[in-house]
Amino acid sequence: VKAVDRALALDPRSGEAYSALCAAKLTYANDLAGALKACDRAMELDPESPIVLQNYNFFLNCEGRFDEARRSILKALEVEPMSFLSHTQYAHTLH
């Protein structure tokens, strides 16, 4: 989380930094409200970033919001069709 805080201090408009904060809050802190806030901010700042869309997909899957998760990962695949991670997450979303 220190690295994310540093990244946000350097660039408070970095969607990818907010996306990393979302993943950290979800994975390490079990802070769903904080993760949602960070994911929403990441999507607001950089809605075309595959990294932002992948982390948003991860969050939505954890929340059981599978239709939204599928849409977010399909958008990531539109932006970066050769992304192994996006294809893996898409398969996980469908499972």
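Look up: the structure comes first, before these words.
What you see is a predicted model, and the numbers here were worked out from it, not measured in a lab.

**Student:** So what about the overall build of the protein chain? Which residues, and what values?
**Tutor:** The helix and strand inventory of the protein chain stands at six helices and zero strands. Walking the protein chain from its N terminus toward its C terminus, one meets helices and strands in the order α-α-α-α-α-α. Taking 12 Å as the expected radius of gyration for a compact globule of 95 residues, we find that the protein chain reaches 13 Å, a close match to that expectation. Along the longest, intermediate and shortest principal axes, the C-alpha atoms of the protein chain span 35 × 25 × 20 Å. Sorting the 95 residues of the protein chain into buried and exposed places 40% on the buried side. For the protein chain, the share of sequence-separated contacts (at least 6 apart) that also reach a separation of at least 24 residues comes to 43%. About 5700 Å² of surface is accessible on the protein chain, with carbon and sulfur atoms providing 58% of the total.

**Student:** Break down the pattern of salt bridges for me, with residues and values.
**Tutor:** Scanning the entire structure with this criterion turns up four salt bridges. The salt bridge partner of Asp31 is Lys25, with a shortest N-O separation of 3.6 Å. Overall, the relative accessible area of 25% leaves Lys25 in the partly exposed class. The shortest N-O distance in the salt bridge between Arg41 and Glu44 comes to 2.4 Å. Of the two residues, Arg41 and Glu44 are both situated in helix 3 (residues 32-45); the distance of three residues between them amounts to about one turn of the helix. Arg41 sits in the partly exposed class, given a relative accessible area of 24%.

**Student:** Tell me about the state of the cysteines, residues and numbers included.
**Tutor:** Enumeration over the complete set of coordinates arrives at one disulfide. Disulfide pairing is shown between Cys22 and Cys39; the S-S distance is 2.0 Å. In this structure, the disulfide formed by Cys22 and Cys39 twists by about -65° around the S-S bond and is classed as left-handed. Linking Cys22 in helix 2 (residues 15-27) with Cys39 in helix 3, this pair joins segments that are 17 residues apart in sequence. For Cys22, a relative accessible area of 0% puts it in the buried group. This cysteine, Cys62, is not joined by any disulfide, and Cys22 carries the nearest cysteine sulfur, 8.9 Å off. Taking relative accessible area as the criterion, Cys62 reaches 46% and is therefore assigned partly exposed.

Thresholds, definitions, all that
- Residues numbered from 1 in each chain as written.
- Predicted model: local features only at pLDDT ≥ 70, side-chain atom pairs only at ≥ 80, totals over all residues.
- Heavy atoms only, no water.
- Helix = DSSP H or I, 4+ residues; strand = E, 2+ residues; numbered from the N terminus.
- Rg over C-alpha atoms; globule rule 2.2 N^0.38 Å.
- Buried < 20%, exposed > 50% of the residue type's maximum accessible area, 1.4 Å probe, protein only.
- Contact = heavy atoms within 4.5 Å.
- Areas by Shrake-Rupley, 256 points an atom, 1.4 Å probe, with all protein chains shown as cover.
- Salt bridge = Lys/Arg side-chain N within 4 Å of Asp/Glu carboxyl O.
- Disulfide = S-S within 2.5 Å.

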